[in-house]
Amino acid sequence: MTFSLFIQSLINGLNQGAIYALIALGYTMVYGIIRMINFAHGDFIMIGSYTLFYTIPLMINVGMPAWLAVFISIVVCSAVGVLVEVIAYKPVRKAGAMSALITAMAMSLFLENLAMLLFGAKPHNVQKIFSLPSVNFLGVPLPLNVILTIVIGVVMMLGLQLFIKKTKMGKAMRAVPQDRDASILAGINVNRVITYTFAIGSALAAVAALMYCAKYPRVTNDMGSMMGIKAFIAAVLGGIGIIPGAMLGGVLVGLIEIFVKLFAPGWYEAITYATLIVILLVKPSGILGKNVGEKV
Amino acid sequence: MLEVKNLEVSYGAVHAIHGVSLQVRDGEIVSLIGANGAGKTTILRTISGLQKADTGEITFDGSDLRKTEPSRIINLKLAHVPEGRHIFAQMTVEENLEMGAFADVKDMAATMAEVYERFPRLKERRRQLAGTLSGGEQQMLAVGRALMGKPKMILMDEPSMGLSPLLVKEIFSIIKEVNKQGITILLVEQNAKMALSISNRAYVLETGDITIEGDARELLKDDRVRKAYLGQ
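Values in this document were obtained by computation on a predicted structure and should not be read as measured data.

Calculation rules
Residues numbered from 1 in each chain as written. Chains lettered and ligands numbered in written order. Predicted model: local features only at pLDDT ≥ 70, side-chain atom pairs only at ≥ 80, totals over all residues. Heavy atoms only, no water. Buried < 20%, exposed > 50% of the residue type's maximum accessible area, 1.4 Å probe, protein only. Helix = DSSP H or I, 4+ residues; strand = E, 2+ residues; numbered from the N terminus. Pairing = 2+ DSSP bridges. 1 Å grid on protein atoms, 1.4 Å probe; cavity = no way out; pocket = protein on both sides within 12 Å on 5 of 7 lines; lining within 4 Å. Points joined across faces, edges and corners; volume = space filled by probe spheres on them. Nonpolar A, V, L, I, M, F, W, Y, C, P; charged D, E, K, R; others polar. Salt bridge = Lys/Arg side-chain N within 4 Å of Asp/Glu carboxyl O. Core = buried A, V, L, I, M, F, W, Y, C linked by side-chain atoms within 4.5 Å. Contact = heavy atoms within 4.5 Å. Axes fitted to C-alpha atoms, helices over the stretch in contact; angles between N-to-C directions. Expected span 1.5 Å × (residues − 1). Buried area = accessible area lost by both parts, 1.4 Å probe. Polar contact = N/O pair within 3.5 Å; in protein donor to acceptor, adjacent residues only side chain to side chain.

(A) Representation of the pairing of strand E3 (residues 140–143) of chain A in the model. Residues and elements named next belong to chain A. Residues Val140 and Leu142 of E3 are buried on one face, while the alternating residues Pro141 and Pro143, pointing to the opposite face, are not. Sheet topology note: the strand E2 (residues 134–137)/E3 ladder contains four bridges and is antiparallel. Opposite Phe137, over in E3, you have Val140 as the bridge partner. The turn joining E2 and E3, which pair antiparallel and follow one another in sequence, is formed by two residues; a positive phi near 50 degrees is taken by Leu138.

Right, dumping it as C-alpha cells:
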C-alpha cells in the first residue's frame, strides 16, 4: 500500500468512525440509563437525513450556508427521540426487558414504514452540504470536506464529555446509571434525566446524519437500520453503557471497515463482523467494559 | 418531626409491614432494631419514597411525604444514608459529595469544607474514585454526602454493616456528634447494643410489627430485648 493510499484510508476510516461513534453514543447513553437497547435509534439518522433533505433548499433560498440546516435537524430529531420515549417506551418500562426490546424493534419498523408512506421508497438526493477544496499534504490530496466532518465529530464528542463532566444535568446522567436509588435520594428526577438522555442521543444522531449526508448524499427510508446495527456493534465493542467506549468502538469499526474494504472489497462486512466477534470472544464486556456481573 | 402512622407496605403479595406507627422528635436519636427481614429497611425506604406504601401516613416537618415526589424529599431537608452505602463508585470522592448537594448548591463549598474537616480521610482521597475506598471510608463518604444536603434529619440504614469493631465504634461516635449539632436521626441497626447505647428512644420491629417501644436505656435492661437482640 502506498503512503498516499494509507493516509487517505486512515482519514476515510476516521470519518466513517466518527459517524458510527456519534450514533453509538446514543445507544450507550440510553442503555446506561434504562438498560434498554433502543433499536429505533438508527432510524433517527434517517429522520435527521430527511429533515436535511427538505430544509437545505430552504437554507440556500434565504442565502444561508446549507449546513445550518443541521440545527433544524437537531430540533426535529430530539423531539422525535423524546416523543418515542414518552409514548412508546415509558409505558412498558416496568414490564421487563423483553417487552422493552420488542417495543423498540416495533418502533424501528414503524418509523421506517412511516417514512416510506410519507416520502416514498425512492432514494432522495441531498444537496451538497460542504464544498471545500482538497489540499495537498506531503503529496497526499486531502479532501477538506472529509477533514471537516471528522472535526465536527471530535468537537461533538469533546462537547459531550464536557457536558457530562461539568454540568448538573451531565452529572445526573452519570449518577443514575451507577446507582438509581442513591440518585433519587440526592434529589435527581430520574424521568427528567431519561428525557434529556433521549434528547441528547437523538441530537447526536442528527449531527451524524449531517456527517453521513455530507459523504453519501442518498437518503432512503431504511438507511438507519444498517448504520444502526454497526453503531450498536460499536457501542457493544467499546463496552455498552460506557461513553468513552462508544467513541472508541465507533472509530474502531469505521477504521476496520475502511481498511478491510481496501484489501477485500467483497468481503468487508464479513471480515468486519468476524473481527468484532473475535474481540468480544476475548473480552465479552467490551474493550473498556469491566468484567462484572450486572448489579442487583 | 417525623411521624409515621399505621403504615402498611407490601411487595406484590407479600405483606411486609403491618400497620407500623412511630415518631421521631426534633433533636432525638431513635433506633429501629430487629432481626434480619423484620422490615426495618423497608420502613426507611418507604419514608424516602423509594418504596410505595399501601396505606398509612408519613409526615415530616408538616409535609405529607406520601404525596411528595421522591426526588423532592431531600429539599425538605430529610436525608437518607441507605443500607450498603450506595455511593457512586465511578465518581470521585469529591463528585460524590457534590451529588449530596445536588438539590441545593447554595454554600456548597463551605459545607464541603465542614465535611472534610469532620472526615480528613475523605479530603486526602478526594480525587480518588469512590469505588476504590475501603468499606469504612465508603461509609464515611455516604454520611458526608448526606451532610452535604444540610439535612434537619438523617435516616441511617445499617451504618455499621460489614465494618470492623473499631470502625463500628468510630461510626457510632460520628452519629452522636452529628446529632449534637442538631440533626435528628432515625437509625436502623442490627447491632442493637451499640444502637441502644447512643439512642434516646427505640422501637423493636418483628416481622412487620412494632412489638416493643420505649426509652433506649430501659430497653437495654428489658429481658425480652436482652434475650432476643443482645444475646444475653
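(B) Local environment of the layout of surface pockets. Residue and element names in this part refer to chain A. Empty space within the second largest pocket amounts to approximately 270 Å³. Broken down by secondary-structure element, the contributors of at least two residues to the lining of the second largest pocket are helix H2 (41–61), helix H3 (69–89) and helix H4 (97–119). It is H4 that contributes the most residues to the lining of the second largest pocket, seven residues altogether. Split into classes, the residues belonging to the lining of the second largest pocket amount to 15 nonpolar, one polar and no charged.

(C) Structural view of the pattern of salt bridges. Across all of its chains, the model carries 18 salt bridges over all chains by this definition. We note a salt bridge from B:Arg45 to A:Asp181, for which the minimum N-O separation is 2.8 Å. Highlighted residues: B:Arg45 in helix H1 (residues 40–47) and A:Asp181 in helix H7 (residues 180–185), drawn from two different chains. The network of salt bridges with common partners includes A:Lys230, A:Glu257 and A:Glu269.

(D) Looking closely at the nonpolar core. The biggest cluster of nonpolar side chains holds 86 residues, and the ones touching the most others in it are A:Leu25 and A:Tyr89. Per element, the largest residue contribution to this core is 15 residues, and it comes from helix H8 (residues 190–215) of chain A. Those residues in contact with A:Tyr89 that lie beyond four places of it in its chain are A:Met36, A:Asn38, A:Ala40, A:Val84, A:Thr103, A:Ala104, A:Met107 and A:Phe198. Counting 47 residues, the second largest nonpolar core, distinct from the first, contains B:Ile74, B:Leu133, B:Phe172 and B:Leu219.

(E) Representation of the sheet that holds strand E7 (residues 153–157) of chain B. Residue and element names in this part refer to chain B. An order of E6-E7-E8-E3-E9-E10 is seen for the six strands of this open sheet, with the pairing classed as mixed. Here the strands that pair on one side only, and so sit at the sheet edges, are strand E6 (78–81) and strand E10 (209–215). Ignoring strand direction, the axes of neighbouring strands in this sheet form an average angle of 15 degrees. Bridge count between strand E3 (residues 29–33) and strand E9 (residues 201–206): four bridges; the pairing is parallel. Bridge pairing in E9 places Val30 opposite Arg201. Packed onto the sheet, helix H6 (residues 165–180) meets E3, E7 and strand E8 (184–189) and runs at close to 155 degrees relative to E8.

(F) Layout of helix H5 (residues 144–166) of chain A. All names here are of chain A. Taking 1.5 Å as the rise per residue, H5 with 23 residues should run 33 Å; its terminal C-alpha atoms sit 32 Å apart, in good agreement. For H5, the complete set of buried residues consists of Asn145, Val146, Thr149, Ile150, Ile152, Gly153, Met157, Leu160 and Ile164. On its buried face, H5 sits against helix H1 (3–34), E3, helix H6 (168–178), H8 and helix H10 (243–263).

(G) Local environment of the interface of chain A and chain B. Each side of the interface is counted separately: chain A has 17 residues, and chain B has 20 residues. Around 1800 Å² of area is buried between chain A and chain B when both sides are counted, 62% of it from carbon and sulfur atoms. Among the residues chain A hides against chain B, the three largest losses belong to A:Lys168, A:Gln178 and A:Leu185. Together they make up 32% of the total. Across the chain A-chain B interface, the total number found is three salt bridges. Salt-bridge contacts for A:Lys171 lead to B:Glu98; the nearest nitrogen and oxygen are separated by 2.7 Å. Remark: the boundary between chain A and chain B carries seven residue pairs in polar contact (both at pLDDT 80 or more). It is H6(A) that contributes the most residues to the side of chain A that touches chain B, six residues altogether.

Note that every value here comes from positions in space, so none of it alone points to a role or purpose.
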